[in-house]
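Descriptive analysis of the structure
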Amino acid sequence: MKDFEDFVADVLEGVKALAVGALKDYTQQLTTDAGSFLESTQEKVERWGNALAEGQLTAQEFSFLMKSQKDLAILASLAAAGIAAARLKRLRDDLMELIIGRAIGFFVPG
């Protein structure tokens, strides 16, 4: 299996693209929050990623499992910086889609 730290680095690189427009000044906070989420869900993401790689889960099943963890993505650093709740919700959704997409590309052989 590929190293989970490589997956985290790949996701955090993608996070920079989420911080655009009005959020460009908050790239560090978004990166911190994304890293915290991945750290808190590491065991599950690794287990589900391995199951995905081994064909025990479909991409759709993996996506469902990851979305079940969405509420754990608190984005505390951005909230503390005064980002509105509606914007935080959209960012959390975008972050989940980024993580799912990167995970499928990372864990699925091919």
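This one's a predicted model, so the numbers in the text were calculated from it and none came from an experiment.

1. Things to note about the overall build of the protein
- Scanning the protein from terminus to terminus reveals six helices and zero strands.
- Secondary structure elements of the protein occur, N-terminal to C-terminal, as α-α-α-α-α-α.
- Computed over the C-alpha atoms, the radius of gyration of the protein is 14 Å, within 12% of the 13 Å expected from 2.2 N^0.38 for a compact globule of 110 residues.
- Its C-alpha atoms put the protein at 40 × 25 × 20 Å along the principal axes.
- Residues counted as buried form 37% of the 110 residues belonging to the protein.
- A fraction of 70% describes how many contacts in the protein between residues 6 or more apart in sequence connect residues 24 or more apart.

2. A look at unusual backbone geometry
- Of note in the backbone geometry, Leu-75 takes a positive phi value of approximately 55° without being a glycine.
- For Leu-75, the position within the fold is in the loop between helix 4 (59–67) and helix 5 (76–80).
- Judged by its relative accessible area of 2%, Leu-75 is buried.

3. Observations concerning the nonpolar core
- Core analysis: the largest hydrophobic core is formed by 33 residues, its most contacted members being Phe-7, Leu-30, Met-66, Leu-95 and Ile-99.
- With 10 residues, helix 6 (residues 85–107) is the largest single contributor of residues to this core.
- Ignoring anything within four residues of it in the chain, the contact list for Met-66 reads Phe-37, Val-45, Trp-48, Met-96, Ile-99 and Ile-100.

4. Brief notes about helix 6
- With 23 residues, helix 6 should reach 33 Å at 1.5 Å per residue; the first-to-last C-alpha distance of 32 Å fits that figure.
- Residues of helix 6 that are buried include every one of Leu-88, Leu-91, Arg-92, Leu-95, Met-96, Leu-98, Ile-99, Ile-100, Ala-103, Phe-106 and Phe-107, and no others.
- Looking at the packing, one finds that the buried side of helix 6 touches helix 1 (4–18), helix 2 (27–40), helix 3 (42–53), helix 4 and helix 5.

5. A look at the pattern of salt bridges
- Under the counting rule described, the total for this entry stands at six salt bridges.
- Between Glu-13 and Lys-16 there is a salt bridge, with its nearest N and O atoms 3.4 Å apart. Placement of the pair is Glu-13 and Lys-16 together in helix 1, with a separation of three residues, close to one helical turn.
- Note on Lys-16: relative accessible area 45%, which makes it partly exposed.
- A salt bridge links Lys-70 to Asp-93; the shortest N-O distance between them is 2.9 Å. Taken together, the residues span a long stretch of sequence, with Lys-70 in the loop between helix 4 and helix 5 and Asp-93 in helix 6 at a distance of 23 residues.
- Via salt bridges that share partners, Lys-70, Lys-89 and Asp-93 belong to a single interconnected network.

6. A short note on helix 4
- What helix 4 keeps buried is the set Phe-62, Ser-63 and Met-66. Relative to the axis of helix 4, the buried residues are bounded by an arc of 100° and lie together on one face. For helix 4, the exposed residues set more than 90 degrees away from the buried face come down to Gln-60 and Phe-64.
- Elements in contact with the buried residues of helix 4: helix 2, helix 3 and helix 6.

About the thresholds
Residues numbered from 1 in each chain as written. Predicted model: local features only at pLDDT ≥ 70, side-chain atom pairs only at ≥ 80, totals over all residues. Heavy atoms only, no water. Helix = DSSP H or I, 4+ residues; strand = E, 2+ residues; numbered from the N terminus. Rg over C-alpha atoms; globule rule 2.2 N^0.38 Å. Buried < 20%, exposed > 50% of the residue type's maximum accessible area, 1.4 Å probe, protein only. Contact = heavy atoms within 4.5 Å. Core = buried A, V, L, I, M, F, W, Y, C linked by side-chain atoms within 4.5 Å. Expected span 1.5 Å × (residues − 1). Salt bridge = Lys/Arg side-chain N within 4 Å of Asp/Glu carboxyl O. Arc of directions from axis to C-beta.

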